[in-house]
Amino acid sequence: MTTNGGAVTAAAWNWATLAIAVGTAIVAVELVRRMLRSRLIGDRWALAGPFARRCTWPGFASAVVGTVKAAYDPDMPGSGSHGFQRVLSLLLIACVTWLLIQAAYAVTDVVLDRLTRIEGERNRRARRIRTQIALVRRVSAAVVVVIALGAMLFTFPQVRALGAGLLASAGIAGVVGGIAAQSTLGNMLAGLQLAFSDALRLDDVVVVEEEWGRIEELTLTYVALRLWDERRLILPVSHFTSNPFQNWTRHESRILGSVYLRVDWSVPVEEVRTELYRALRDNPLWDQKDWTLQVTDVTANGLVELRALMSAADSASAWDLRCDIREHLVTFIREKHPESLPRLRVDAPAS
């Protein structure tokens, strides 16, 4: 009777020790989180905020599972089978992998946030680096996950025993896997090619499939294009390496816009040119650089084609500027020179 009572007491003591260890680990992680959030560290260390935001829950999980694995005794009474130790090993690998990925994302978040705030001439280079960092960290996360899965598998003795046979057949398996995943691998390589060749960057203005929009997301498998009317066009990355597309911001965001007017021969071109300059000078969307008005064509139905060119800082400003100038010139010709409105002349047959 005394022996059973001693065993029960020892088991209770072991479980109490385990609970205290887990509680201590949770308190320790919470103290670290509060220190990162404090003004003393948070205001002086740029990584404090991202680490606290991304690594809190992975830190709790890793601390709890690691503490349980370290303090757990599979031979203590009431602890269950030795299989629980293996489950703890798998959970610990998963939690540490989660923590490593989130820590890496926290470090790159600081860099990406600084690059997002860069404007002016350095904006193009900053967007290129943002695109490359985003893709590299996705690749790195995928590699870490694959390594973690391999480590999980090798916790099983049966898998370790089969290791030599698996390595011997790795060549055949690699060929079969490569054929099966040809499309996916092609997209991944295309994504890396786009990012490091500087052909496409986040926030670039492009025209694809006769749709105008900005690159909102660039991954290893697809590109998300935010169109001008807030729709999203999703295309595989390989589409951009095998099909032509327009990139309006590859070297700079500045762009020329054009407005075409077809009017009668009596239009006073010089007055329209003067009015164009006055309208541009008063419009904040004009970047104060390029402008011109030219007679570019005489149409088959006897009208004169005027083309007004104007420059703007980016494509969105150029679109709005073109609409403003088109409306202004149409109003000017209609009110000041109504005789220059388009007219079709027909020769009446002789009676």
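Residues numbered from 1 in each chain as written. Predicted model: local features only at pLDDT ≥ 70, side-chain atom pairs only at ≥ 80, totals over all residues. Heavy atoms only, no water.

- Under an unreviewed UniProt entry, the chain has the name Mechanosensitive ion channel protein MscS and belongs to Microbispora amethystogenes.
- The record held by UniProt for the chain lists under Subcellular location (unreviewed entry) the comment "Membrane". (UniProt positions renumbered as here; feature names shortened; annotations may be inferred.)

## What about the UniProt feature "transmembrane region" (unreviewed entry) in the chain?
And step 1. Mapped onto the present numbering, the UniProt feature "transmembrane region" (unreviewed entry) falls at residues 12-33, 54-72, 87-112, 133-156 and 162-181.
And step 2. Taken end to end, residues 87-112 is 100% helix and 0% strand, and its two terminal C-alpha atoms sit 37 Å from one another.
And step 3. Taken end to end, residues 133-156 is 88% helix and 0% strand, and its first and last C-alpha atoms sit 36 Å apart. (Helix = DSSP H or I, 4+ residues; strand = E, 2+ residues; numbered from the N terminus.)

## A short note on the pattern of salt bridges
And step 1. One pass over the structure, following the stated rule, counts 20 salt bridges.
And step 2. Ionic pairing is found between E230 and R232, a salt bridge with its closest N-O pair at 3.8 Å.
And step 3. R278 is the partner of E275 in a salt bridge, and the nearest nitrogen-oxygen pair spans 2.6 Å. With a gap of 3 residues between them, E275 and R278 both fall in helix α11 (residues 269-281), about one helical turn apart. (Salt bridge = Lys/Arg side-chain N within 4 Å of Asp/Glu carboxyl O.)

## Comments concerning a nonpolar patch on the surface
And step 1. Among the surface-exposed residues, F84, V87 and L91 lie close enough to one another that they form a single nonpolar patch of about 240 Å² accessible area.
And step 2. Along the polypeptide, L91 turns up in helix α4 (residues 83-116). (Patch = residues over 30% accessible without salt bridge, like charges linked within 9 Å, V, L, I, M, F, W, Y side chains within 5 Å. Areas by Shrake-Rupley, 256 points an atom, 1.4 Å probe, with all protein chains shown as cover.)

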